[in-house]
Structures are given as C-alpha cells and as structure tokens.
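# Report on the structure
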Amino acid sequence: KLYGARVKAREANEGKHSQSYKKLPKYVESLRTIGPTMLKRMFLCFGASKQGFVEGCRPFIGVDGCHLIGPYGGVMLSAISMDGNGGLFHVALAVVE
C-alpha cells in the first residue's frame, strides 16, 4: 500500500512520463518548421553557458553520463568545466539512446 501511495504522490507532483512525452510531437513539429530534423537525440547548450565557458573557465571539459530510469530510457550526458574559483560549471547537456 505504501508503494502505491508513493507512486500516486509522485505522479501528482511530477506528472507521468506518458503525459510529458505527449508534448514531444508538438515540439518536434515546431522544430520541423525551422528545418528538417529527427528527434532521436537532444543537445542543449545555452548561450550564457557557452559565453561563460569561453570567458571565465579553464580550458578543460569533463563528460559524465547516467542512465535514465523510466519507460523510455536513454542516457543523459553532461559536459562540465571548472571556473576560476575551482567550482564546477555546467556547459552542455545531451540526451541520447
């Protein structure tokens, strides 16, 4: 009973995977209006992250990955660097098969 309650509470707070993935066709259609593409992989690098890396980080990029748990799976890859104070700086993110 506790497991079922936890699942219901998580779905109420975070939503279901299937509901989130239902939004992807609309997103893909907007991408197709920009140019031909297939959404098998997604790469994100915000302009502010790129500028921050170029202007204030050491010339080093580390890559780490983790498997995504859920019905759709995949791997999330993250690129990080070190800023001038020795802290971690997020550069980019990719979700792949």
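Because the structure is a prediction, the values reported are computed rather than measured. (Residues numbered from 1 in each chain as written. Predicted model: local features only at pLDDT ≥ 70, side-chain atom pairs only at ≥ 80, totals over all residues. Heavy atoms only, no water.)

### Concerning a nonpolar patch on the surface
On the surface, Tyr27, Met42, Leu44 and Phe46 cluster together into a nonpolar patch covering about 360 Å² of accessible area. By secondary structure assignment, the location of Met42 is in strand β1 (residues 42-44). Of the residues examined, Met42 reaches a relative accessible area of 31% and is grouped as partly exposed. (Patch = residues over 30% accessible without salt bridge, like charges linked within 9 Å, V, L, I, M, F, W, Y side chains within 5 Å. Areas by Shrake-Rupley, 256 points an atom, 1.4 Å probe, with all protein chains shown as cover. Salt bridge = Lys/Arg side-chain N within 4 Å of Asp/Glu carboxyl O. Helix = DSSP H or I, 4+ residues; strand = E, 2+ residues; numbered from the N terminus. Buried < 20%, exposed > 50% of the residue type's maximum accessible area, 1.4 Å probe, protein only.)

### Considering the sheet that holds strand β2 (residues 62-67)
Sheet strands associate in pairs through backbone hydrogen bonding, adopting either a parallel or an antiparallel arrangement. The four strands lie next to each other as β1-β4-β3-β2, forming an open sheet whose pairing is antiparallel. Each end of this open sheet is capped by a strand with a single partner; those strands are β1 and β2. Adjacent strand axes in the sheet meet at a mean angle of 20 degrees, parallel and antiparallel pairs treated alike. As paired elements, β1 and strand β4 (residues 88-96) share three bridges and run antiparallel to each other. The residue bridging Phe43 from the neighbouring strand is Ala94, located in β4. Strand contacts of helix α4 (residues 47-56): β3 (75-82) and β4, with the helix running at about 135 degrees to β4, the strand carrying the most contacts. (Pairing = 2+ DSSP bridges. Axes fitted to C-alpha atoms, helices over the stretch in contact; angles between N-to-C directions. Contact = heavy atoms within 4.5 Å.)

### Quick word on the pairing of β4
It is a general feature of regular strands that their side chains alternate between the two faces of the sheet. Two strands pair when backbone bridges link them, and β3 and β4 are joined in this way by eight bridges, in the antiparallel orientation. Counted as the bridge partner of Met76 is Val95 from β4. Between β3 and β4, which pair antiparallel in sequence order, lie five residues; one of them, Gly86, sits at a positive phi of approximately 85 degrees.

By themselves, these are just geometric observations and shouldn't be taken as functional.
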